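Residue strings, one per chain:
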Amino acid sequence: MKFLEHTEAGELSDAFWNNILVTKLNTSVASSPMFCVFLMAQVKMGDYGFLSE
């Protein structure tokens, strides 16, 4: 558990969420790993995609 907490603190800082992730989501490739994670997060949270009801 401590390893995961240390890794999360080191790699998932505010800089990651506010800058790195945003930059990696700006891609024209729909199979981008970061974009796939974004879509999975939308499904998990019950969010609707663009033009969905």
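Now for a description of the structure that goes with this document. (Residues numbered from 1 in each chain as written. Predicted model: local features only at pLDDT ≥ 70, side-chain atom pairs only at ≥ 80, totals over all residues. Heavy atoms only, no water.)

1. Remarks on the overall build of the protein chain
For the protein chain, the count of helices and strands is three helices and zero strands. Going residue by residue from the N terminus, the α and β elements of the protein chain occur as α-α-α. For 53 residues, the compact-globule estimate of 2.2 N^0.38 gives 10 Å, and the protein chain exceeds it by more than 25% at 14 Å. Principal axes of the C-alpha set define a box for the protein chain whose edges measure 40 × 25 × 20 Å. For the protein chain, the residues scored as buried account for 8% of the 53 residues in total. (Helix = DSSP H or I, 4+ residues; strand = E, 2+ residues; numbered from the N terminus. Rg over C-alpha atoms; globule rule 2.2 N^0.38 Å. Buried < 20%, exposed > 50% of the residue type's maximum accessible area, 1.4 Å probe, protein only.)

2. Things to note about the environment of Gln42
Residue position: Gln42 is located in helix α3 (residues 33-45). Classification of Gln42 as buried rests on a relative accessible area of 19%. Each residue touching Gln42, except ones within four places of it in the same chain, is listed here: Asp47, Tyr48 and Gly49. (Contact = heavy atoms within 4.5 Å.)

3. Brief notes about the environment of Glu11
One can find Glu11 in helix α1 (residues 2-11). Residues Glu11 and Val29, 18 residues apart in the sequence, show an inter-C-alpha distance of 24 Å.

4. Focus: the packing of helix α2 (residues 14-25) against α3
Packing of α2 against α3 brings their axes to within 8 Å, and their N-to-C directions diverge by 110 degrees. Taken as axis vectors, α2 and α3 run roughly perpendicular relative to one another. Crossing handedness for the pair α2 and α3: left-handed. Within the contact between the two elements, α2 uses Phe16, Leu21, Lys24 and Leu25 and α3 uses Met34, Phe35 and Phe38. Its residues assigned to classes, the contact of α2 with α3 comprises six nonpolar, no polar and one charged. (Axes fitted to C-alpha atoms, helices over the stretch in contact; angles between N-to-C directions. Parallel < 35°, antiparallel > 145°, perpendicular 65-115°, else oblique. Left-handed = near helix turned anticlockwise from the far one by under 90°. Nonpolar A, V, L, I, M, F, W, Y, C, P; charged D, E, K, R; others polar.)

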